[in-house]
Amino acid sequence: MCILKLRYKGITINSDQINKLHLYFGTMSSQSPIPWYDDFEGVAYRYYDLRMNVAPLITDRKQADSLWHDSIHWWVDPSIKIRFVEMENDYWFIMGADSQKPDTNLAFFKILPKSENYERFKAGHGGEAYLRLGVYTAISLDDAKKNAVCNCGHEAQDHDEGDDDVCLFNDCSCKKFSSYDMNFRKRKKTITDIKFLEEKDVKNDPLAWNCFTVNKYSKPE
Ligand SMILES: [Zn+2]
Ligand SMILES: [Zn+2]
């Protein structure tokens, strides 16, 4: 915790309160709503350090670093919220926070298929997680090492280089080799406000409600 204290006209406030004042005036002066950002590939859930990590996956390292530098860096940790709204097979990933720099603030959302890693996170996060960004690089068959594993579970050398990269295993339906490299950026923030919701609960949660209003209810199906 920062121990900075400010004395002004006999009032002593700590840095937390300064942030709150700043946010208050920031909100008052900026009329535009926080933009919703969905230009990322997905979200990785991994154990790394002591806690589960939630890592939105960005395909370009520079983009990941400027996203962090311009927006996430300014997030006030205790205000970071993640909401998971569960639909039948998919879920909405929704993340937002109060920023010390409201002009460059963003909120994240993405509709993603439920996965094993997602279920593991849901069961194991224990109310806290680290937020990091992940850089996701697709690897083509040409660049893959022979024993690199495809998303179908079979190695690169089991895919036909001549014929559209199809997997050579008879019982495999994979038509194209696809694999990726993932690298977590070091910088992190701590998230302590994590909720799993159903769509009927969305109206009671300001962040999820804002997201659904802008990205679902106001759009034609
Ligand atoms: Zn494959
Ligand atoms: Zn295969």
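All figures in this text were calculated on a predicted structure; none of them were measured in a lab.

### Quick word on the coordination of the zinc ion (ligand 1)
Point 1. Within the first shell, the zinc ion (ligand 1) binds the protein through Cys 150 (SG), Cys 152 (SG), His 159 (NE2) and Cys 174 (SG), at distances of 2.1 to 2.4 Å.
Point 2. Coordination at the zinc ion (ligand 1) comes from four donor atoms whose angles at the metal span 101 to 116 degrees, giving a geometry best classed as tetrahedral.
Point 3. Sequence spacing among the residues donating to the zinc ion (ligand 1) works out to C-x1-C-x6-H-x14-C.
Point 4. Metal-to-metal, the separation of the zinc ion (ligand 1) and the zinc ion (ligand 2) is 3.9 Å; Cys 152 coordinates the two.

### What about the coordination of the zinc ion (ligand 2)?
Point 1. Surrounding the zinc ion (ligand 2) are the protein donor atoms Cys 152 (SG), His 154 (ND1), Cys 167 (SG) and Cys 172 (SG), which sit 2.2 to 2.4 Å from the metal.
Point 2. Its four donor atoms give the zinc ion (ligand 2) angles of 98 to 125 degrees at the centre, a pattern that matches the tetrahedral case.
Point 3. Donor residues for the zinc ion (ligand 2) sit on one chain with the sequence pattern C-x1-H-x12-C-x4-C.

### Comments concerning the side chain of Asp 193
Point 1. When you line up the elements, Asp 193 lands in strand E13 (residues 193-198).
Point 2. In this structure the side chain of Asp 193 is engaged in a polar contact, spanning 3.0 Å, whose partner is the side chain of Arg 83.

### Quick word on the packing of aromatic side chains
Point 1. A full pass over the atoms with the stated rule returns 21 aromatic pairs.
Point 2. An aromatic cluster is defined as three or more aromatic residues linked by ring pairs; in this entry it consists of Tyr 37, Phe 40, Tyr 45, Trp 75, Phe 84, Tyr 91, Phe 93, Phe 108, Tyr 118, Phe 121 and Phe 196.
Point 3. Note that Lys 110 overlies the ring of Phe 40, its terminal NZ or CZ placed 5.5 Å from the centroid.

### A short note on the sheet that holds strand E3 (residues 36-37)
Point 1. The strand order E3-E8-E7-E6-E13 describes an open sheet built from five strands, whose pairing is mixed. Each edge of the sheet is formed by a strand with only one pairing partner; in this case those strands are E3 and E13.
Point 2. Pairing analysis gives six bridges linking strand E6 (residues 81-86) to strand E7 (residues 90-96), with the strands arranged antiparallel. By the bridge assignment, Lys 81 is partnered in E7 with Gly 96.
Point 3. Contacts between helix H4 (residues 206-217) and the sheet are confined to E3, E6, E7, strand E8 (107-113) and E13, with E7 contributing the most and set at about 115 degrees to the helix.

### Re the pattern of salt bridges
Point 1. Per the stated rule, a full pass over the model turns up 12 salt bridges.
Point 2. Residue Glu 128 pairs with Arg 51 through a salt bridge whose shortest N-O separation is 2.7 Å. One end of the pair, Glu 128, is in the loop between helix H3 (116-124) and strand E9 (129-131); the other, Arg 51, is in strand E5 (residues 51-58), with 77 residues separating them in the sequence.
Point 3. Taking the relative accessible area as the measure of exposure, Glu 128 reaches 30% and is therefore partly exposed.

### Let's talk about the confidence of the model for the protein
Point 1. When pLDDT is averaged across the protein, the result is 85; 85% of the residues are at 70 or more.
Point 2. Taken as a whole, residues 1-31 scores under 50 in pLDDT and shows 25 contacts with residues more than four places along the chain or in a different chain.

### Observations concerning the pairing of strand E4 (residues 42-48)
Point 1. The sheet contact formed by E4 and E5 spans seven bridges and is antiparallel. By the bridge assignment for E5, Ala 44 is matched with Ala 55.
Point 2. What sits between the antiparallel neighbours E4 and E5 is a turn of two residues, in which Asp 49 has the positive phi angle 60 degrees.

### As for H4
Note that an α-helix has 3.6 residues per turn; residues three or four places apart therefore point the same way.
Point 1. All buried positions along H4 are accounted for by Leu 207, Ala 208, Cys 211, Phe 212 and Asn 215. Take H4 and look down its axis: the buried residues cluster within an arc of 120 degrees, on one side only.
Point 2. In this fold, the buried residues of H4 make contact with E3, E6, E7, E8 and E13.

What counts, and at which threshold
- Residues numbered from 1 in each chain as written.
- Chains lettered and ligands numbered in written order.
- Predicted model: local features only at pLDDT ≥ 70, side-chain atom pairs only at ≥ 80, totals over all residues.
- Heavy atoms only, no water.
- Donors = N, O, S within 2.8 Å, 3.2 Å for Na, K, Ca; no water.
- Tetrahedral: all angles 85-135°; square planar, octahedral: opposite > 155°, others 65-115°.
- Helix = DSSP H or I, 4+ residues; strand = E, 2+ residues; numbered from the N terminus.
- Polar contact = N/O pair within 3.5 Å; in protein donor to acceptor, adjacent residues only side chain to side chain.
- Phe/Tyr/Trp six-rings, centres within 6.5 Å; stacked < 30°, edge-to-face > 60°.
- Lys NZ or Arg CZ within 6 Å of the ring centre and 35° of its normal.
- Pairing = 2+ DSSP bridges.
- Contact = heavy atoms within 4.5 Å.
- Axes fitted to C-alpha atoms, helices over the stretch in contact; angles between N-to-C directions.
- Salt bridge = Lys/Arg side-chain N within 4 Å of Asp/Glu carboxyl O.
- Buried < 20%, exposed > 50% of the residue type's maximum accessible area, 1.4 Å probe, protein only.
- pLDDT = per-residue confidence, 0-100.
- Arc of directions from axis to C-beta.

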